[in-house]
Amino acid sequence: STRYETFEDYVSYYEVQGNTKLMKKFCYKLFESNTISPNIIAYNYNVLMSVEEDAILISNGDNDTYPIWILQYVNNVRPDVILLNVYLLTIKEYRDRVFEELEIPTFTKEYKEFAEYGDAYMLYTNSILQHIADNCKNPLYFTLTLNGYSEFEENLYLTGLTMKYSKENIDNITILRRNIERKFILDNIKINLFDDRSKEIVYKMNVNYLMSFIKLYAHYIECEDFAEANKIKELSFIIAEQAGGKWIEEITPYFE
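An account of the accompanying structure is given in this report.

Cut-off values and rules
Residues numbered from 1 in each chain as written. Predicted model: local features only at pLDDT ≥ 70, side-chain atom pairs only at ≥ 80, totals over all residues. Heavy atoms only, no water. Phe/Tyr/Trp six-rings, centres within 6.5 Å; stacked < 30°, edge-to-face > 60°. Helix = DSSP H or I, 4+ residues; strand = E, 2+ residues; numbered from the N terminus. Buried < 20%, exposed > 50% of the residue type's maximum accessible area, 1.4 Å probe, protein only. Pairing = 2+ DSSP bridges. Axes fitted to C-alpha atoms, helices over the stretch in contact; angles between N-to-C directions. Arc of directions from axis to C-beta.

**Some words on the packing of aromatic side chains**
Phase 1 of the analysis: Using the criterion set out here, one finds 14 aromatic pairs in the structure.
Phase 2 of the analysis: Ring centres 5.7 Å apart and planes at 55° place the aromatic pair Phe114 and Tyr124 in the tilted group. With Phe114 in the loop between helix H5 (92-101) and helix H6 (120-135) and Tyr124 in helix H6, this pair connects stretches of sequence that are 10 residues apart. Residues Phe114 and Tyr124 agree in their burial class; the two are buried.

In structure tokens form, the structure reads like this:
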């Protein structure tokens, strides 16, 4: 196929089929089509930098799934990370194969068991995610764009642009410092190097940095590391201004 608008569908199709060779081929085609904003790819680079080795990473939609596969299959960035899209996990044949590969027991519930509820899809997917959390042997992370964290909230720890699932307490300040100071690409937030036709989507996605930045800013102030505190404050207000609306008003109290 030479129609770029179909490339994402082909990537998903071959992921479900387990055909890595053709999935990689269409990841290259998608990358070469230049239809995905470099800033969205940069955001997802930082998502990958937020997780530890051999992690399972649960993603939500187009903007936190295809860019990660591009980074992994085209740029060879963090190929150790196992990306599972929550929508694809609702496909039984795919889910059964992936769970077998990950040594996770078969998920036996069916969607019809949740159909009588108004939020059936959310309950169904949460049940799948809880099954993964209860049975996976790999470190488990969720992207910040994923909805429905409420079932796991008390066991989630912010690590940058992801949340780590852990039943044990984690010192995530240390993790945040390491990831944000040493691993993240952040210059593209401060400097617009090109006209990004997806900038409104990028600005909305970048709001996800603010939770980590606010937490890290408080830590820097407590440690009297005012130089780092000012850097993170500057970035936060750039993000808030770009996102517009309520965001400057929302974050100001955290930086006063």
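Read on for the rest.
**Remarks on the sheet that holds strand E5 (residues 162-165)**
Phase 1 of the analysis: The 5 strands are arranged E2-E1-E3-E5-E4 in an open sheet whose pairing can be described as mixed. Looking at which strands have only one partner, the edges of the open sheet turn out to be strand E2 (82-85) and strand E4 (156-158). Each strand of the sheet is rotated relative to its neighbour by a mean of 30°, with strand direction disregarded.
Phase 2 of the analysis: Here strand E1 (residues 56-59) pairs with strand E3 (residues 140-143) via 3 bridges, running parallel. Across the sheet, the residue bridging to Ile58 is Phe142, located in E3.

**Considerations on helix H7 (residues 172-183)**
Phase 1 of the analysis: Along H7, the positions that sit buried rather than exposed are Asn172, Ile173, Ile175, Leu176, Asn179 and Ile180. Down the axis of H7, the smallest arc covering the buried residues is 160°, so these residues share one side.

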